[in-house]
Amino acid sequence: MSTTITSDLLKAKIVTDDEVNAAVDVFMKDATVSLFRFASGHTMDPAASVKAYEPARAAVTDPDRTEKFRRGMVRTAILLGCVKAP
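1. Concerning the overall build of the protein chain
Right, so step 1: Assigned secondary structure in the protein chain consists of five helices and three strands.
Right, so step 2: For the protein chain, the sequential pattern of α-helices and β-strands runs α-α-β-β-α-α-α-β.
Right, so step 3: On C-alpha atoms alone, the protein chain measures out to a radius of gyration of 12 Å, which is about the 12 Å that the 2.2 N^0.38 rule sets for 86 residues.
Right, so step 4: Taken over the C-alpha atoms alone, the protein chain extends approximately 40 × 25 × 20 Å along its principal axes.
Right, so step 5: By residue count, 36% of the 86 residues in the protein chain fall in the buried class.
Right, so step 6: Total accessible area on the protein chain stands at roughly 5,300 Å², and carbon and sulfur atoms take up 55% of it.
Right, so step 7: A distance of 2 Å separates the average location of the 12 positive side-chain charges in the protein chain from that of its 11 negative side-chain charges.

Following this line, the structure appears as structure tokens:
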């Protein structure tokens with residue numbers, strides 16, 4: 001059984017770029033959020049995705065990093081994050 005990640009769904013056009021951006025927005029407002037639901041019904045855990053991706057984990061806690069850099073790292077973590085089918 002293969003693991004599906006957010007970028008797989010984006011490539012397949014099951015989720016949109018706007019939805020990925022919304023997941024980033026949710027995490028940036030609340031770094032503890034553990035559930036994000038895409039319109040397709042797929043779900044993911046943004047906090048776990050960031051925690052699992054060390055560059056993102058480091059970026060969000062580094063006061064010397066810009067907001068744009070942090071958002072980019074969080075977006076990468078979300079794109080690499082595992083999703084659950086509806």
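2. Brief notes about the packing of helix H2 (residues 17–29) against helix H5 (residues 67–80)
Right, so step 1: Interaxial distance between H2 and H5 falls to 9 Å at its minimum, and their mutual angle equals 115 degrees. Handedness of the crossing formed by H2 with H5: right-handed. Mapping the contact onto sequence places Asp17, Val20, Asn21, Ala23, Val24, Asp25, Phe27 and Met28 in H2 and Glu67, Arg70, Arg71, Val74, Arg75, Ile78 and Leu79 in H5.
Right, so step 2: The residue makeup of the contact of H2 with H5, split by class, is eight nonpolar, one polar and six charged.

3. Some points on unusual backbone geometry
Among all residues save glycine, negative phi is the norm, and among peptide bonds the norm is trans.
Right, so step 1: Residues other than glycine seldom take positive phi values, yet lysine 13 does so here, at roughly 60 degrees.
Right, so step 2: Positionally, lysine 13 belongs in the loop between helix H1 (6–11) and H2.

4. Thoughts on the packing of helix H4 (residues 54–61) against H5
Right, so step 1: Put simply, H4 and H5 touch, their axes get as near as 8 Å, and they point 150 degrees apart. Between H4 and H5, the angle is such that the two are roughly antiparallel. Taken as a pair, H4 and H5 cross one another with a handedness that is left-handed. Contacts between H4 and H5 involve Pro55, Ala56, Ala59 and Val60 from the former and Phe69, Arg70, Met73, Val74 and Ala77 from the latter.
Right, so step 2: Here the contact of H4 with H5 is built from residues that sort into eight nonpolar, no polar and one charged.

Each value, and the rule that gives it
Residues numbered from 1 in each chain as written. Predicted model: local features only at pLDDT ≥ 70, side-chain atom pairs only at ≥ 80, totals over all residues. Heavy atoms only, no water. Helix = DSSP H or I, 4+ residues; strand = E, 2+ residues; numbered from the N terminus. Rg over C-alpha atoms; globule rule 2.2 N^0.38 Å. Buried < 20%, exposed > 50% of the residue type's maximum accessible area, 1.4 Å probe, protein only. Areas by Shrake-Rupley, 256 points an atom, 1.4 Å probe, with all protein chains shown as cover. Lys, Arg positive; Asp, Glu negative; His and termini not counted. Charge placed at Lys NZ, Arg CZ, Asp CG, Glu CD. Axes fitted to C-alpha atoms, helices over the stretch in contact; angles between N-to-C directions. Left-handed = near helix turned anticlockwise from the far one by under 90°. Contact = heavy atoms within 4.5 Å. Nonpolar A, V, L, I, M, F, W, Y, C, P; charged D, E, K, R; others polar. Parallel < 35°, antiparallel > 145°, perpendicular 65-115°, else oblique.

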